[in-house]
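If you want the building blocks of each chain, they are given just below.
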Amino acid sequence: GDTRDVATYSRYSETQTQFASVRVGQDEKAGLGCNLEKAANGSHVLAAIKPGSACCEHGIPIGSTLLSVDGVPVRGMTMDEVRQLTMGLVGTHVCIRFRPPGVHAEYPTVEKVLTRQPASFVQAAGTATSRAQKSCL
């Protein structure tokens, strides 16, 4: 098979996202194409969305708070735990529930079913400038 650039779902330095090349095959794993930032209150906020990613194609806005993945609430989880929920084989579906930025907690949340896409559809993100804990999904 060939290789394509995808964001590793492992480590972040304080200021830069790390990327690597992985082998493409029938067992290729993919995420949602977004970076999360863990807030002090334990919630996970979409800090960046990669062009061409599942999150981008579904119009999920930056600043949205991720509430659950496939029905599992994510508040208070570690980044690794959230990453495990979002990662899966290319072409498989994942259901996420989120609250768009600026929407009060008393209003209904939004639920979308996303399809994990091959890395070739997703452009690599640039750098992360916050010192907060971040994760690429």
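The paragraphs below set out a description of the structure included in this document.

## Concerning the overall build of the protein chain
Okay, step 1: Tallying secondary structure elements over the protein chain gives 2 helices and 11 strands in all.
Okay, step 2: Starting at the N terminus and walking to the C terminus, you meet the elements of the protein chain as β-β-β-β-β-α-β-β-α-β-β-β-β.
Okay, step 3: Considering the protein chain as a whole, with its 137 residues, one finds that 40% of them fall into the buried category.
Okay, step 4: Sequence separation of 24 or more characterises 59% of the internal contacts of the protein chain that already satisfy a separation of 6 or more.
Okay, step 5: As presented, the protein chain carries roughly 7,400 Å² of accessible surface, and 50% of it is formed by carbon and sulfur atoms.

## Quick word on the environment of leucine 89
Okay, step 1: Secondary-structure assignment places leucine 89 in strand S8 (residues 88–89).
Okay, step 2: The exposure class of leucine 89 is partly exposed, given its relative accessible area of 37%.
Okay, step 3: When the C-alpha atoms of leucine 89 and lysine 29 are compared, they prove to be 4.4 Å apart, with 60 residues separating the residues in sequence.

## Observations concerning the pattern of salt bridges
It is possible for side chains bearing opposite charge to pair when their charged atoms get close.
Okay, step 1: Under the definition given, this model contains 2 salt bridges.
Okay, step 2: Here aspartate 80 ties to arginine 83 by a salt bridge, and the two come within 2.2 Å at their closest N and O atoms. With a gap of 3 residues between them, aspartate 80 and arginine 83 both fall in helix H2 (residues 79–86), about one helical turn apart.
Okay, step 3: On the basis of relative accessible area, arginine 83 is assigned to the buried category, the value being 4%.
Okay, step 4: Put simply, glutamate 111 and arginine 97 hold a salt bridge, and the shortest N to O gap is 2.5 Å. Here the residue glutamate 111 occupies a position in strand S10 (residues 110–115), and arginine 97 occupies one in strand S9 (residues 93–99), the gap between them amounting to 14 residues.
Okay, step 5: Using a relative accessible area of 45% as the deciding quantity, one classes glutamate 111 as partly exposed.

The rules behind the values
Residues numbered from 1 in each chain as written. Predicted model: local features only at pLDDT ≥ 70, side-chain atom pairs only at ≥ 80, totals over all residues. Heavy atoms only, no water. Helix = DSSP H or I, 4+ residues; strand = E, 2+ residues; numbered from the N terminus. Buried < 20%, exposed > 50% of the residue type's maximum accessible area, 1.4 Å probe, protein only. Contact = heavy atoms within 4.5 Å. Areas by Shrake-Rupley, 256 points an atom, 1.4 Å probe, with all protein chains shown as cover. Salt bridge = Lys/Arg side-chain N within 4 Å of Asp/Glu carboxyl O.

Interpretation in functional terms is not warranted from these geometric data alone.
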